[in-house]
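# Notes for the structure review
Spelled out, the chains give:
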Amino acid sequence: YFGYAMRAAFCAPETLGLQWALLNHSRYATPALIVFALLLSISSTSWFVQRIAGVPSCKPGEEPNQKDVRYTVHMISHSLCGVCNRFAAALAILCALVWFATFAEVLTYDLKGWSALRYGICARYTCRNGTIPGNAAPLNPCDFLEHDIPWYMQNRFQESFDCRKDGTFMLHLPQLKSHLIEGDLYVTRMMDNGRQPRWLDIKVIIFIIIAVLAASILLLPFIPSLFPAVVLTCGPLLVLVFISAFVQFRVFGPLTQQPILNFVHYQKETWDLTVIILCGLSCITLPFLREIKSLWHHYYVRCLQQNFFAHGQDRNMLELKLDPWCPFVLVTGTVNDYARPNEDNSISEIAFTPLHVGSSKVGYVPSPPSRSLAQITALTGAGCLDAISLSMQEHVRVRFWLEVLNLAWGDFILFEPSRTPLMKRCLSYVPTSMRRGCTWWMHRSVTMVLLFVNTVLFCCGLGLYRFQESKEDCRLGRSLVDCSVLLMLAAIIMSFFSYFKYFHGFAFSPVLRQIQQATRFVTKSWRPPNMLYVTDGGVQDCTAILQLLQRKRKNILLVLAASDPTDDLAVLRTTMQTTRHQRIASFYDLKDSRRDVNALLDDFKNSDVHFFKMGIRYGWNEDEPHSLGILWIVKNRLPQSFANQMVRPHLDEEEIVFGQPKDYQTSESDDSEDPTADEELRRMQQEQLGGFGCCDCCHRWGNCGRKFPHLSFTGYMWLTPQLFSSLCRLGHDLSHSAVMDIKQSLS
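In this numbering scheme, every chain counts its residues from 1 along its sequence in written order. Side-chain atom pairs in this predicted model are given and counted only at pLDDT of 80 or more, local residue features only at pLDDT of at least 70, and totals for whole chains, interfaces and linings cover all residues. Neither water nor hydrogens contribute to the side-chain values; these are computed over all heavy atoms in the structure.

The next subject is the overall build of the protein. Looking only at helices and strands, one finds 26 helices and 14 strands in the protein. Considering only C-alpha atoms, the protein reaches an extent of 110 × 70 × 55 Å along its principal axes. The classification of residues rests on relative accessible area computed with a 1.4 Å probe and restricted to protein chains. Under 20% of the type maximum is buried, over 50% is exposed, and intermediate values are partly exposed. Every one of the 747 residues in the protein was classed for burial, and the buried ones make up 46%. Note on contacts: a residue pair qualifies if any of its non-hydrogen atoms lie within 4.5 Å across the two residues. A separation of at least 24 residues holds for 67% of the contacts in the protein among residues at least 6 apart in sequence. The accessible surface values rely on the Shrake-Rupley method and a 1.4 Å probe; as for residues, cover is taken only from the protein chains in view. Surface exposure of the protein reaches about 39,000 Å², of which carbon and sulfur atoms provide 63%. Labels follow the DSSP assignment, with helices taken as runs of H or I lasting at least four residues and strands as runs of E lasting at least two, numbered in each case from the N terminus.

Space inside and on the surface of the protein is sampled on a 1 Å grid over the protein atoms alone, with a cavity defined as a set of points where a 1.4 Å probe fits but cannot get out and a pocket as an open set with protein on both sides within 12 Å along at least 5 of 7 lines; lining residues have an atom within 4 Å of a point. Grid points are joined across faces, edges and corners, and a volume is the space filled by probe spheres set on the points. The tally for this structure, following the rule as stated, stands at 6 cavities of 30 Å³ or more. Roughly 100 Å³ of volume is contained in the largest cavity. Elements with a contribution of two residues or more to the lining of the largest cavity: α11 (289-293), α16 (396-405), β8 (411-414) and α20 (510-518). The leading source of residues in the lining of the largest cavity is α20, at 3 residues.

Following F708, the chain continues into P709 via a peptide bond in cis, with omega recorded as 5 degrees. When you line up the elements, P709 lands in the loop between α25 (675-682) and α26 (721-746). A positive phi angle is found at R520, which is not glycine, with a value near 65 degrees. Note on placement: R520 falls in the loop between α20 and β9 (523-524). One non-glycine residue, A544, lies in the positive phi region at around 70 degrees. Among the structural elements, A544 can be located in the loop between β10 (531-536) and α21 (545-550).

Residues enter patches when they are more than 30% accessible in relative terms and free of salt bridges; like-charged ones are connected within 9 Å and nonpolar ones (Val, Leu, Ile, Met, Phe, Trp, Tyr) within 5 Å. We define a salt bridge as a contact between a side-chain nitrogen of Lys or Arg and a carboxyl oxygen of Asp or Glu at a distance within 4 Å. Together, I93, L237, V239, L240, I243, V404 and L405 make up a nonpolar patch on the protein surface, roughly 550 Å² of accessible area in all. Those elements that place two or more of their residues in the nonpolar patch are α9 (226-256) and α16. Counting residues per element, the nonpolar patch draws most heavily on α9, at 4 residues. Tracing the backbone shows I93 in helix α4 (residues 69-111). A residue is classified by how much of its surface remains accessible, and I93, at 51% relative accessible area, is exposed.

This part is about the pairing of strand β11 (residues 555-560). Burial along β11 is one-sided: I556, L558 and L560 are buried, and none of N555, L557 and V559, which face the opposite way, are. Pairing between β11 and strand β14 (residues 627-635): 6 bridges, direction parallel. Pairing of V559 across the sheet is with V634, part of β14. Think of it this way: DSSP has to see at least two bridges between two strands before they count as a pair.

Another point: the sheet that holds strand β12 (residues 585-588). Strand order across the open sheet formed by 4 strands is β11-β14-β13-β12, with mixed pairing between neighbours. In the strand order of this sheet, the two ends are held by β11 and β12, each with one partner. Recorded for the sheet is a direction-independent mean angle of 30 degrees between the axes of neighbouring strands. The sheet contact formed by strand β13 (residues 611-618) and β14 spans 8 bridges and is antiparallel. By the bridge assignment for β14, I616 is matched with G629. This element, helix α22 (residues 570-581), spans β11, β12, β13 and β14 of the sheet and lies at about 135 degrees to β12. Fitted lines through C-alpha atoms give the axes, limited to the stretch in contact for helices. The angle between two N-to-C directions lies from 0 to 180 degrees. Here α26 sits on the sheet and contacts β11, β13 and β14; the angle it forms with β14, its principal contact strand, is near 160 degrees.

On to the pattern of salt bridges, then. Enumeration according to the criterion identifies 23 salt bridges in this entry. For D567, the salt bridge is made with R637, and the minimal N-O distance between the two is 3.0 Å. Pair noted here: D567 is in the loop between β11 and α22 and R637 is in the loop between β14 and α24 (653-658), with a separation of 70 residues, a long-range link. For the pair formed by D567 and R637, the shared burial category is buried. A salt bridge links R573 to D602, with the nearest nitrogen and oxygen atoms 2.9 Å apart.

Turning our eyes to something else, we now look at the packing of helix α10 (residues 268-285) against helix α18 (residues 432-466). Where α10 meets α18, the axes come as close as 10 Å, and the angle between the chain directions of the two elements is 165 degrees. Accordingly, the angle class assigned to the pair α10 and α18 is roughly antiparallel. Relative to α18, the crossing made by α10 is left-handed. In contact with K268, W271, D272, V275, C279, S282 and C283 of α10, α18 contributes F452, T455, V456, C459, L462 and R466. Residue classes in the contact of α10 with α18 are distributed as 8 nonpolar, 2 polar and 3 charged. Here the word oblique covers every angle except those under 35 degrees (roughly parallel), over 145 (roughly antiparallel) and from 65 to 115 (roughly perpendicular). A crossing counts as left-handed when the near helix is turned anticlockwise from the far one by less than a right angle, and as right-handed when that turn is clockwise. Note that Gly is not counted as nonpolar here; it falls among the polar residues with everything else outside the nonpolar set of Ala, Val, Leu, Ile, Met, Phe, Trp, Tyr, Cys and Pro and the charged set of Asp, Glu, Lys and Arg.

Note on placement: R444 falls in helix α18. Taking the relative accessible area as the measure of exposure, R444 reaches 2% and is therefore buried. Linking R444 and F587, residues 143 residues apart in sequence, is a C-alpha distance of 47 Å.

Stacked, edge-to-face and tilted are the three classes for Phe, Tyr and Trp ring pairs, Trp counted by its six-membered ring, which pair at centre distances within 6.5 Å; planes under 30 degrees apart are stacked, over 60 edge-to-face, the rest tilted. Inspection of every chain in the model, using the stated rule, returns 23 aromatic pairs. Ring centres of F412 and Y533 lie 5.1 Å apart, and the angle between their planes is 75 degrees; this geometry places the pair in the edge-to-face category. Linking F412 in strand β8 with Y533 in strand β10, this pair joins segments that are 121 residues apart in sequence. One exposure class covers both F412 and Y533, and it is buried. Taken together, the ring pairs in this structure connect F10, Y109, W114 and F252 into an aromatic cluster. Cation placement over rings: the criterion is NZ of Lys or CZ of Arg within 6 Å of the ring centroid and within 35° of the ring normal. Against the face of F10 rests R118, its NZ or CZ located 5.7 Å from the ring centre. It is R290 that lies over the ring of W440; its NZ or CZ is 3.9 Å from the centre.

A few words on the environment of Q685. Mapped onto the elements, Q685 comes out in the loop between α25 and α26. Residue Q685 is classed as partly exposed on the basis of its relative accessible area, which comes to 22%. Taking the C-alpha atoms as reference, Q685 lies 9.0 Å from R648; in sequence the two are 37 residues apart. Look past the residues within four positions of Q685 in its chain and what remains in contact with it is N644, Q645, M646 and V647.

What is meant by a nonpolar core is a set of buried Ala, Val, Leu, Ile, Met, Phe, Trp, Tyr and Cys residues, joined one to another through side-chain atoms within 4.5 Å. With 37 residues, the main nonpolar core has L117 and W151 as its most contacted residues. Going through the elements one at a time, α1 (4-10), α2 (18-24), α4, α5 (115-127), α7 (183-192) and α9 are the ones with two or more residues in this core. With residues up to four places along the chain from it excluded, the contact list for W151 reads Y4, R7, A8, C11, H25, Y125, T126 and F157. Counting residues in hydrophobic clusters, the runner-up holds 26 residues, among them I350, I376, A378 and I413.

With that settled, consider the sheet that holds β8. Taken together, 6 strands build an open sheet; the order of strands is β7-β6-β5-β3-β10-β8 and the sheet is antiparallel. Bordering the open sheet on either side are β7 (363-366) and β8, each of which pairs with just one other strand. Going across the sheet, the axis of each strand differs from the next one's by a mean of 35 degrees, ignoring polarity. Note that strand β3 (residues 331-335) and strand β5 (residues 348-352) share 5 bridges and pair antiparallel. Considered in β5, the bridge of V335 is made with S348.

Below, the discussion takes up the packing of α22 against helix α23 (residues 597-605). Packing of α22 against α23 leaves a shortest axis separation of 12 Å and a crossing angle of 170 degrees. Considered as vectors, α22 and α23 are oriented roughly antiparallel to each other. Helix-helix and strand crossings are classified by hand; for α22 and α23 the assignment is right-handed. Along the contact surface, α22 presents L572, R573, M576 and R580, while α23 presents V597, N598, L601 and D602. Residues of the contact of α22 with α23, tallied by class, amount to 4 nonpolar, 1 polar and 3 charged.

That's the geometry; what it means functionally is another story.
Next up, the structure:
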């Protein structure tokens, strides 16, 4: 508590040593070592149980027996192993941080030749029985809880510093003629001359990290994998360095008067006020953690709604379901924190329709009527850092950047097979527009109350411990803090077993799920958690035809808009490989079924055609019923016949309804507010339009980004009117021949 053992190690005589002081003056050191060994033993036992017991193997297409006890043993062992590994890692990092901060503080004084100053600082603190200059009371009056006799009152420390009865001491300095000097006088003079660790020492470490980063950039042509590894590693190292500097400031600052950021010195009143403010903020912000973490997602939803929805008006799934003129909307996302007990792959595709949400792996639930189309579009197009770190990379360091930068475009969704009668009755009195938010709050209420009570206990205990008036306050404060820590640990442990009936509620806590997500834990159970994190659907299938293939549709038109300037069709090839892996269907060349279908894709790359098609054979096994289908593919590309076209006016209702193409020479309407800008756009070709921009003026000033039709990532959120019109015309013209071919095939 507040660095008691760290200060003892800082002031420990050379005959005792730093490690000895940390182990013998911390009441938590020995229990921590025992707990660490216990965690490792439980983790290794669970790992061996998983390997020895194993899971029953199933034939392709055969459903596993969910009642088999070996699956239950595997699930529990997996959760135990996950809990123990994470707690052991956290304990190891905490112990390493305590040791490193203390060692760095001692090393700073020794390397700069300030060993006598460190000796004097410790002697002043020890001889005055744990008080600092300007304060009559001890730095921490609750130190008696750490040891019956605090270290600074023990004989071995008092005698090593030659303390007098009046609290003064003498320092032995060989460079002086008399070899002795008044200790208080020497320490005061040295500190007035700036002899204390400063922020500059941390800057040296930061400079070294930046130098390593620069070196990795220079070596990028020779060692391409070095730069990503350095970037991913430097982030956690910088955070640990900053935390270590802050711990040194808080623990040793009252003794050494060392500043942080070169001007902030430790003052008890200021620190106590800061603690009170931070405790209050934690109690206020805790219920809104999910909303705070979802800021980028809500920004993405708003961008889509304002830029791609008519009049900026969103629609919910109930409206799509009831409208007879609306086609059956089907979009796909990715779930990356769930796997069935008989599987190792945690990546699952999930489909959103007005009728249902789910997939064959995670199961299906009814689609909530209040879920909006903009939200679904944002979820299934969340191709930012979370899609990379959660689905495409397995390094915890990548997830570190996700948590620090909070660049999460995805979000949690409710995945409820059913609701309790009480919840249904309560929600029936809530307006439809507010029902989604109320559902979230009702599900989170239990864990929210638990975590709120935990935070209040911690803050109250901390307040009693800091602002004590008696020894009883110290004991009560420490008991409350200990209870708070144990309650939080119990909640975290139970969240890893949320597949049990009475622990379902812990799956709804954003705080607990964030811990699991950051540490790369995958829930293994037959039923997925009732709250799933959904990101970009392009991890497994960026085309969305996999869902149509599972439904064995006979005729499928794929408009492929993936970023593929060289027409490699990598996205389509990945989808075809996934289809084969899942034994859904196989593909063949319609002109010659003996020819490899990959050759057909290569032909398209080397040709100037607007579309191509391939055959589909549903059914994998010989004895399985089979059927045939056709897949038409229209790709976002610019054939030679479409090259060098001039920019045309914006799309209008007349061109959409009657299909009459327009250019600036034949267009009679002129709704432009800036004729000069219109004139500049008339002289541009379509393939000169840049992808970075929010309005047409951006094409005149800068015109940055990748050019039409293969644009930049900002196309996920907004397009300029000219780019939108040009893409619409290109898609219409490219797909015309494919639509005619489909019409002829159906007739």
